[in-house]
Amino acid sequence: MKYFISCICILVFVLQSYGQRIKTLSGDITVLAGEKELSVTFSYDSIKVHGYDTEAEFVKDKAQIRDSHEPGSGAVFENAWFADREAVYEPLFIEDINKALPKKRQINLVKNNPKAKYNLHVETLWAFPGYNVGWSHPAKIDVALKVYEINNPENVVWQSQAPIRIQAKVAPYKRELRIGAAYKELGILLSWYFKKKLK
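Let me begin by describing the structure that accompanies this report. (Residues numbered from 1 in each chain as written. Predicted model: local features only at pLDDT ≥ 70, side-chain atom pairs only at ≥ 80, totals over all residues. Heavy atoms only, no water.)

**Quick notes on the side chain of Arg-178**
Structurally, Arg-178 can be placed in helix H4 (residues 175-197). Lacking a salt bridge, the buried Arg-178 has Glu-176 as its closest oppositely charged neighbour, with an N-O distance of 7.3 Å. Of note is the side chain of Arg-178, whose polar atom sits 3.4 Å from the backbone oxygen of Gly-130. The residues touching Arg-178, leaving out its near neighbours within four places in the chain, are Pro-129, Gly-130, Tyr-131, Asn-132, His-137, Ala-139, Ala-168, Ala-171, Pro-172 and Tyr-173. (Helix = DSSP H or I, 4+ residues; strand = E, 2+ residues; numbered from the N terminus. Buried < 20%, exposed > 50% of the residue type's maximum accessible area, 1.4 Å probe, protein only. Lys, Arg positive; Asp, Glu negative; His and termini not counted. Salt bridge = Lys/Arg side-chain N within 4 Å of Asp/Glu carboxyl O. Polar contact = N/O pair within 3.5 Å; in protein donor to acceptor, adjacent residues only side chain to side chain. Contact = heavy atoms within 4.5 Å.)

And the structure:
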């Protein structure tokens, strides 16, 4: 029975991983072959949140709900929602992609890296924060990726098909860690993509 359950768990993991794929829209990612440094930037300008037409509607609704239970907590939520990007999501992505890349093809990713020739831009298009309230569901994000030359930003050397749907493998209790887990998964997925393409 334990063996059967283990096989099912492995199958589910494989199917989930297979569903999360990076495909090229234009350009050639192999331009990064041999590069030792890569800059990375992030944007959330076009982000939507599951169940809402706009991110602003989501933030307003959740802040009002919190304020109705505890006055002042809505502002705390709103500030945290935006601060979590730089404080949690981005560091988790950078940490995991740097950790997962094989040493013989190591590219050092640093936010706004002054040593790099190219920049990887991660645009978040949509987010499902997930939940963990007795039962749980992992967070999901949709992203678009592109790589461009830093000294000539209009020279986009590679661009992914979008959206790329990423689902976290875990659903921690704290919201920022649930969403952060999806960015960790994106880092791992992209490291595998680099491993395959940058030979």
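**Section: unusual backbone geometry**
Across residues other than glycine, the phi torsion is negative in most instances, and most of the peptide bonds are trans. Look at the link from Ala-162 to Pro-163: it is a cis peptide, with omega at 0°. By the element assignment, Pro-163 lies in the loop between strand S9 (152-160) and strand S10 (164-167). For Asn-112, which is not a glycine, the phi torsion comes out positive at approximately 50°.

**Quick notes on helix H3 (residues 73-100)**
Here H3 is 28 residues long and its end C-alpha atoms lie 38 Å apart, about the 40 Å a rise of 1.5 Å per residue gives. For H3, the principal kink sits at Asp-84 and spans about 50°. (Expected span 1.5 Å × (residues − 1). Bend = angle between axes of the 7 residues up to and from the residue.)

**Looking at the packing of aromatic side chains**
According to the stated counting rule, one finds eight aromatic pairs in the structure shown. Measuring from ring centre to ring centre gives 5.8 Å for Phe-42 and Phe-93, while their planes differ by 90°; the resulting arrangement is edge-to-face. With Phe-42 in strand S2 (residues 37-43) and Phe-93 in helix H3, this pair connects stretches of sequence that are 51 residues apart. In terms of burial, Phe-42 and Phe-93 fall into one category: buried. Pairing Phe-58 with Trp-81 gives two aromatic rings, centres 4.7 Å apart and planes at 55°, and the pair type is tilted. Placement of the pair is Phe-58 in helix H2 (residues 55-69) and Trp-81 in helix H3, with a sequence separation of 23 residues. Each member of the pair, Phe-58 as well as Trp-81, is classed as buried. One aromatic cluster is present, built from ring pairs that chain together Tyr-52, Phe-58, Phe-77 and Trp-81. (Phe/Tyr/Trp six-rings, centres within 6.5 Å; stacked < 30°, edge-to-face > 60°.)

The quantities given are spatial measurements derived from coordinates; they are silent on function.
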